[in-house]
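# Inside the fold
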Amino acid sequence: MTNALLATDALLPSGWAKNVLLAWDEAGQLTQVQPDAQPAAGVPTVRGPVIPGMPNLHSHAFQRAIAGLTEFRGEAQDSFWSWRTLMYRFAARLDPAQLEAIAFGLYVEMLEAGYTAVCEFHYVHHDIDGRPYADDATLALALLRAAQRAGIGLTLLPVLYQTSGFGGLPPHEGQRRFIRTTDSMLGLLERLKPLCAAQGARLGLAPHSLRAVPPEGLREALAGLQAIDATAPIHIHIAEQTKEVDDCVAWSGQRPVAWLLDHAPVDARWCLVHATHMDADEYRRAAASGAVAGLCPTTEANLGDGIFDLPAWRAAGGAWGLGSDSHICVNAAEELMLLEYSQRLATRTRNVAASETQPQVAAAMTLAAVHGGAQAAGRAIGRLAHGQQADFVVLDAAHPALAGLGAPEMLSSHVFASHRTSAIDAVWVAGRARVQAGRHLLHDSATAGFVAARSELLTP
Ligand SMILES: [Zn+2]
């Protein structure tokens, strides 16, 4: 048996198990997950704890190149909106080769940081002057190639963007590369469908937000998507900023999440990205819809968005996952840590995300985020179990923060005590080792390409 290994410790859906035989087929799908297995000839033993790979449910790849460039005061009251001005300036210059180089560098970095899949919320569609490329899918193809070269699982979410504010405000000049009619979006999805299928990527749709897609555009796009793939994932930015909530109330008399739940068929296909500002009724109703809350802790902290009420969401039975969004941080463990810490600061309690069945907070959060992230990705990557893809991470048992501890404490130390170093040894996607000894096999070329593209973009 070649497609197999024996994990001394592995985090299964029910918790930690010992001597777990993991075996997979040629397609990289798990065919056996067997605890208490005996060593067998030709099956290597892995001594670091094995945890399921983390799906990254929200990414704008090109924004990795501006991480760290907006950390200075531009206005007396700096906010999301002043950050966005700088991001738009950058987006206006990006070319397809630069996007591919940045995305490739980012996806390699994600794999090294424990993410084995990414949902790419892709909104820069057109050429620099705002006209469609001769091949309308040019920039989407750059992302598909980057994901394939890096070996990360992909859910591609082309973004529908039509207006600059609630009530159908016309788009402005800085948004010219994003704007599409509903028909042109559906045409793009038709073009991308076989290309995604060919590399095992999932195709979905992202109506950008209620401020960027008017009700009729939303309705028509969802009907069109239904005809293309009735189970495709649907992601939307929602209730990230209090200004967005105020503007939505002024426009419709309703808060954004309440409006969406009343006007769209929100269900388990949906990912509500951020959903930071909900009232008690919205927490209850949105969780009951089956949608995943797409939490992006470091980006939300970086942009000063606010704090998601995780206890309210969990009490209502809501699913959630993690996104690195603007990529101010590319590290799944740090996202988990900040999410838990924001809850501790808000509630003045500890181990908020632990549960009765899983008292170890790092394990509880990992299992929840992998499960919710997989649902948002629309792919079978939600746990170490038969029929799921063989996506997993091997922690570095020799890392100073982990060495000599038991497996549950190693995961706790990975999440809460290993910063800013990596306690990841290996990362496998679809049964292939993409990261070994902490480094992606293409680390050097990916990093060099990323740095060169960023330098080009920063040259006046
Ligand atoms: Zn976003």
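Rules behind the numbers
Per chain, residues are indexed from 1 in the order of the written sequence. Note on the predicted model: pLDDT of at least 70 is required for a residue's local features to be given, and 80 or more for side-chain atom pairs to be given and counted; whole-chain, interface and lining totals, by contrast, use all residues. Hydrogen atoms and water are omitted, and side-chain values are computed over all heavy atoms in the structure. The numbering of helices and of strands both runs from the N terminus, where a helix is a DSSP run of H or I of at least 4 residues and a strand a run of E of at least 2. For each residue, the accessible area found with a 1.4 Å probe, counting protein chains only, is set against the maximum for its type, and the residue is called buried under 20%, exposed over 50%, and partly exposed in between. The contact criterion used throughout is that any non-hydrogen atoms of two residues lie within 4.5 Å. Calculation of accessible area relied on Shrake-Rupley with a 1.4 Å probe; when residues are assessed, cover is drawn exclusively from the protein chains displayed. None of His or the chain ends enter the tally, which takes Lys and Arg as positive and Asp and Glu as negative. Note on charges: their place is set at NZ of Lys, CZ of Arg, CG of Asp or CD of Glu. For two strands to pair, DSSP has to find at least two bridges joining them. Listed donor atoms are N, O and S within 2.8 Å of the metal (Na, K and Ca: 3.2 Å). As water is not included, a site may look incomplete. Every case where a carboxyl oxygen of Asp or Glu lies within 4 Å of a side-chain nitrogen of Lys or Arg is listed as a salt bridge. In this analysis a 1.4 Å probe is tested at points of a 1 Å grid over the protein atoms alone, and where it fits but cannot get out there is a cavity; an open set with protein on both sides within 12 Å along at least five of seven lines is a pocket; lining residues have an atom within 4 Å of a point. Grid points are joined across faces, edges and corners, and a volume is the space filled by probe spheres set on the points. Amino acids are sorted into nonpolar (Ala, Val, Leu, Ile, Met, Phe, Trp, Tyr, Cys and Pro), charged (Asp, Glu, Lys and Arg) and polar (every other residue, Gly among them). Centres within 6.5 Å make a pair out of two Phe, Tyr or Trp rings, where for Trp the six-membered ring is used; the pair is then stacked when the planes are under 30 degrees apart, edge-to-face when over 60, and tilted otherwise. For every element, the axis is a line fit to its C-alpha atoms; helices are fit only across the contacting stretch, and the angle between N-to-C directions ranges from 0 to 180 degrees. Note on terminology: angles under 35 degrees are roughly parallel, angles over 145 are roughly antiparallel, angles of 65 to 115 are roughly perpendicular, and the others are oblique.

Here we come to the overall build of the protein. Along the protein, the regular secondary structure elements total 14 helices and 18 strands. Each of the three principal axes of the protein carries a C-alpha extent, and together these read 65 × 45 × 45 Å. When each of the 460 residues of the protein is scored for burial, the buried share is 60%. A separation threshold of at least 6 residues defines the contact pool for the protein, and within that pool the share at least 24 residues apart is 73%. Per element, the accessible surface of the protein, about 17700 Å² overall, is 53% carbon and sulfur. Measuring between centres, the 34 positive side-chain charges of the protein sit 2 Å from its 45 negative side-chain charges.

A few words on the pairing of strand 15 (residues 392-395). Of the two faces of strand 15, both are covered, the one formed by Phe 392 and Val 394 as well as the one formed by Val 393 and Leu 395. Examined bridge by bridge, strand 5 (residues 50-52) and strand 15 share three bridges and lie antiparallel to one another. Within strand 15, the residue paired with Pro 52 across the bridge is Phe 392. When strand 15 meets strand 16 (residues 424-429), the two strands line up antiparallel, connected through four bridges. Pairing of Val 394 across the sheet is with Ala 426, part of strand 16.

Let's shift gears to the coordination of the zinc ion. With distances of 2.1 to 2.2 Å, the protein atoms coordinating the zinc ion are His 58 (NE2), His 60 (NE2) and His 237 (NE2). Here the donor residues of the zinc ion share one chain and are spaced in sequence as H-x1-H-x176-H. Highlighted residues: His 60 in the loop between strand 6 (54-59) and helix 1 (80-91) and His 237 in strand 11 (residues 234-238), separated in sequence by 177 residues. Residue class for His 60 comes out buried when judged on its relative accessible area of 4%. Since its relative accessible area comes to 8%, His 237 is described here as buried.

Counted by the stated rule, this structure contains 17 salt bridges. Of the charged contacts in the structure, one is a salt bridge between Arg 176 and Glu 173, with a shortest N-O distance of 3.4 Å. Residue classification places Glu 173 among the exposed residues on the basis of a relative accessible area of 57%. As a salt-bridge pair, Asp 281 and Arg 284 come within 2.5 Å of each other at their nearest N and O atoms. Taken together, the positions of Asp 281 and Arg 284, both in helix 8 (residues 280-288) and three residues apart, correspond to about one turn of that helix. For Asp 281, a relative accessible area of 38% corresponds to the partly exposed category. Through salt bridges with shared partners, a single ionic network connects Glu 100, Arg 145 and Arg 149.

Before going further, it helps to spend a moment on empty space enclosed by the protein. Empty space among the atoms can be located by rolling a probe the size of a water molecule over them. Per the counting criterion, the structure on display carries four cavities of 30 Å³ or more. Considering only enclosed or pocket space, the largest cavity measures out at about 170 Å³ in volume. Lining the largest cavity are 19 residues, and of these Phe 80, Trp 83, Met 87, His 208 and His 237 sit closest to its centre. At five residues, the largest contribution of residues to the lining of the largest cavity is made by helix 1. The class makeup of the residues in the lining of the largest cavity is seven nonpolar, eight polar and four charged. Its boundaries defined by the atoms lining it, the second largest cavity holds a volume of some 110 Å³. Lining the second largest cavity are 15 residues, with Ile 51, Met 54, Gly 114, Ala 332 and His 414 sitting closest to its centre. Of all the secondary structure elements, the ones that give two or more residues to the lining of the second largest cavity are strand 5, helix 11 (332-347), helix 12 (361-377) and helix 13 (407-416). Taken together, the residues of the lining of the second largest cavity break down into 12 nonpolar, three polar and no charged.

Quick look at the side chain of His 414 now. The topology assignment puts His 414 in helix 13. Apart from the residues lying within four places of it in its own chain, the contact partners of His 414 are Ala 333, Leu 395, Leu 402, His 419, Ala 423 and Ile 424.

The next subject is helix 13. With respect to burial, helix 13 is a largely interior element, eight of its 10 residues being buried. Inspection of helix 13 places Ala 407, Met 410, Leu 411, Ser 412, Ser 413, His 414, Val 415 and Phe 416 among the buried residues, and these make up the whole buried set.

On inspection of all chains with the given rule, the structure shows 13 aromatic pairs. Geometrically, the ring pair formed by Phe 308 and Trp 313 is edge-to-face, given 5.8 Å between the ring centres and 65° between the ring planes. According to the relative accessible area criterion, Trp 313 is buried, its value standing at 0%. Residues Tyr 341 and Phe 416 carry aromatic rings whose centres are separated by 5.8 Å and whose planes lie at 40° to one another, so their mutual orientation is tilted. Taken together, the residues Tyr 341 in helix 11 and Phe 416 in helix 13 connect sequence positions 75 residues apart. Judged by its relative accessible area of 32%, Tyr 341 is partly exposed. One aromatic cluster is present, formed by Phe 62, Tyr 88, Tyr 123, Tyr 161 and Phe 178 through successive ring pairs.

Geometrically, a packed helix pair is captured by the angle between its two axes and the distance between the axes. At a closest axis distance of 11 Å, the pairing of helix 3 (residues 138-150) and helix 4 (residues 182-198) adopts a crossing angle of 10°. Of the possible angle classes, the one that applies to helix 3 and helix 4 is roughly parallel. Listed contacts from helix 4 to Ala 140, Leu 141 and Leu 144 of helix 3 are Arg 191, Leu 192, Leu 195 and Cys 196. Broken down by class, the residue content of the contact of helix 3 with helix 4 amounts to six nonpolar, no polar and one charged.

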